[in-house]
Amino acid sequence: MLNSKIPAGPLEQKWTNYKGHCKLVNPANKRKLEIIVVGTGLAGASAAASLGEMGYKVKTFCFQDSPRRAHSIAAQGGINAAKNYQNDGDSVYRLFYDTIKGGDYRSREANVHRLSEVSANIIDQCVAQGVPFAREYGGLLSNRSFGGVQVQRTFYAAGQTGQQLLIGAYQALERQIALGTVEMFSRHEMLDVVVIDGKARGIIVRDLVTGKLERHFGHAVLLCSGGYGNVFYLSTNAMGSNVTAAWKAHKKGAFFGNPCYTQIHPTCIPVTGDHQSKLTLMSESLRNDGRIWVPKKQNDNRKANEIPEDERDYYLERRYPAFGNLVPRDVASRAAKERCDAGYGVGSSRQAVFLDYKEAIQRYGKIECSKHGNHNPSAEEIRHHGMEVVKEKYGNLFDMYEKITGENPYNVPMRIYPAVHYTMGGLWVDYELMTSVQGLYALGEANFSDHGANRLGASALMQGLADGYFVIPYTVGNYLADEIRTPEIPTSHPAFEEAEKAVAERISNLMNIKGSQTVESFHKRLGKIMWDKCGMARNAEGLKQAIEEIKSLREEFWKNLRIPGDINEMNPELDKANRVADFLELGELMCKDALLREESCGGHFREEYQTPEGEALRNDDRFMFVAAWEFKNGNNWDLHKEELKYDEVKPTQRSYK
């Protein structure tokens, strides 16, 4: 079994005790130690800024032209924290419990409790940075509800919370860059990890403007490179999001944990055709006030506003009365798929359901009219005031929907359908966020640790900032305290030369295939295999087929790929080919992991394992473990298991009814 290095003692004291007993690095020694941070999203920017502030020498890398283009900027709905501002019964324990239950009892208790503990600190940190969280009339920070919980604990900035939080972290990062503690390398992509004597000692990167390969040394390497949802081609991720940094680490010895755990987000704008290269998310915060429904009649061709109230099926409220429209994402996604597969879908594709704001506009309108002393308002006045409230809370999301679909969601219900959004799997890490390679860490979505088989909404931003601001400053110091006598290793070291040579050969091999198919065509075909056979629902037969189809596609890729341009220049097609080659290997591992796990839990839904009501059916006796895969030559993997023990929460069948 793997050693997760969970501290001894009561759960609520583990993190406090760890901080009180971990090794420290004195300020003079910090100036001698170099840390590499790959990725500048919330996890990367907050980690680099924090470590720079502490006095370490930090190098940070991103493939975008600015850290502000990291995909964290796209997060919309909010960030969780156990502040209990609403006085509705929230607490650190309740946030911990909701996260464990929401993840279908497949996450590590100690990590989740630590996340819940530091959540409140994140809000204080961000407010101090000037993040413009929404506020109540009296000036207090506002909260709203999210799926999987019965309290209001989500802090937000309209529908652009990720952008505002990233600007806060970016400010902190830029301050350190100006002070000289952090050196920033934009338009640089990490293509390998350099391991010397079993420890991560640097990386090989490619300058995406010139094509030149570079070597960089570090006493420790932090991977903050996000998730791998783009293995499905169509997802809510930015098109550049990829698995390459994590995959290179995996091939150098870092175990990959729970790769099959993919989050399908229930509120996305539906696919409209083969022309699409990505999907657009409509924040889960919309489920806070919107009601989801389909017609009660199959194949109903009427427009939404023509269907009377008694002919509408508010299926989430019907099936899950305790949580209604605020069930967790995996539950809401499968319920939408079930209705559409049964013939109740809407829109031209029949692969959509309605998200309706008519009732919310009415409710808010009446409240606002009462505030103005108008106790007998007209329908027009109610609608006017209600729309103003909705516009303040969700206006940019409504505008985005109208620009994409041409429909005004204030007048007609939105059409939504589930789509790939987040990956709960990632590099396996211990309690200190270190991978199975010494000195190599993974933070945020790049690791597997906090969300189990299903991430609750508004918890991604919480984990990224918790890891960067409040966890890694302690845990990396515990490792680096023993590295203060390690001098800077020159990049002429044979390990650096060997790693760079391997990267150069792979790039050369890609360019010399000179086939007839584009990178995009292979990516699309991989995405279809993954979505059809390892997507919202999987079964053994489909997964076996997918594994063989991916192997065949990968073979064709290395025989028939065509990349225009040259190596020593800006070549986006070459960059993309590098990433898709990694996706073609990852896809096979995801299907193998899904095939191994003969149960349904969270986002992993095996059709053979479900209750009579169609809910996920876990198999705790056989599968209460983290599947950590070790890469072997020739695209083979060995399975290692980390047993999951629940001392504080008793695993039960999840119910939101």
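How each quantity is defined
- Residues numbered from 1 in each chain as written.
- Predicted model: local features only at pLDDT ≥ 70, side-chain atom pairs only at ≥ 80, totals over all residues.
- Heavy atoms only, no water.
- Pairing = 2+ DSSP bridges.
- Helix = DSSP H or I, 4+ residues; strand = E, 2+ residues; numbered from the N terminus.
- Contact = heavy atoms within 4.5 Å.
- Axes fitted to C-alpha atoms, helices over the stretch in contact; angles between N-to-C directions.
- Buried < 20%, exposed > 50% of the residue type's maximum accessible area, 1.4 Å probe, protein only.
- Domains from an automatic or database assignment.
- Buried area = accessible area lost by both parts, 1.4 Å probe.
- Salt bridge = Lys/Arg side-chain N within 4 Å of Asp/Glu carboxyl O.
- Polar contact = N/O pair within 3.5 Å; in protein donor to acceptor, adjacent residues only side chain to side chain.

Asker: Describe the sheet that holds strand β15 (residues 414–423), and please don't skip the residues or the numbers.
Answerer: Two modes of strand pairing occur in sheets, parallel and antiparallel, and in both the strands are linked by backbone hydrogen bonds. With antiparallel pairing, 5 strands are arranged side by side in an open sheet as β11-β15-β14-β12-β13. The open sheet is flanked by β11 (262–268) and β13 (312–313), the only strands paired with a single partner. Two elements, strand β12 (residues 291–295) and strand β14 (residues 353–356), share 3 bridges in a ladder whose sense is antiparallel. Across the sheet, Arg 291 pairs through a bridge with Asp 356, a residue of β14. Along the sheet face, helix α9 (residues 329–344) touches β11, β12, β13, β14 and β15 and points at about 65° away from the line of β11.

Asker: Summarise helix α7 (residues 244–251); cite the residues concerned and give the values.
Answerer: When you tally the buried positions in α7, you get 7 out of 8 residues, the bulk of the element. All of the buried residues along α7 are Thr 244, Ala 245, Ala 246, Trp 247, Lys 248, Ala 249 and His 250. Positive phi shows up at Gly 253, right after α7, with a value of about 120°.

Asker: Tell me about the environment of Ala 110, and name the residues and values.
Answerer: The residue Ala 110 is located in helix α5 (residues 109–129) in this model. You can call Ala 110 buried: its relative accessible area is 6%. Residues Ala 110 and Tyr 646 lie 536 residues apart in sequence; the distance between their C-alpha atoms is 9.5 Å. Discounting residues that sit within four places of it in the chain, Ala 110 has contacts with Ile 6, Leu 11, Lys 14 and Tyr 431.

Asker: Explain the domain arrangement of the protein chain residue by residue, including any values.
Answerer: Splitting the protein chain by domain gives domain 1 (265–420) and domain 2 (492–617). Computed from C-alpha coordinates alone, the two centres of domain 1 and domain 2 are separated by 34 Å. Contacts between domain 1 and domain 2 engage 12 residues on the former and 11 residues on the latter. Buried surface at the junction of domain 1 and domain 2, summed over both partners, amounts to about 810 Å²; 57% is from carbon and sulfur atoms. Among the residues domain 1 hides against domain 2, the three largest losses belong to Asp 330, Arg 334 and Lys 337. Together they make up 49% of the total. Summed over the shared surface of domain 1 and domain 2, the number is 1 salt bridge. Between Glu 615 and Arg 319 there is a salt bridge; the shortest N-O distance is 3.2 Å. Here domain 1 is connected to domain 2 by 4 residue pairs in polar contact (both at pLDDT 80 or more). Of all the secondary-structure elements, those providing two or more residues to the side of domain 1 that touches domain 2 are α9 and β15. Sorting elements by how many residues they give to the side of domain 1 that touches domain 2 places α9 first, with 4 residues.

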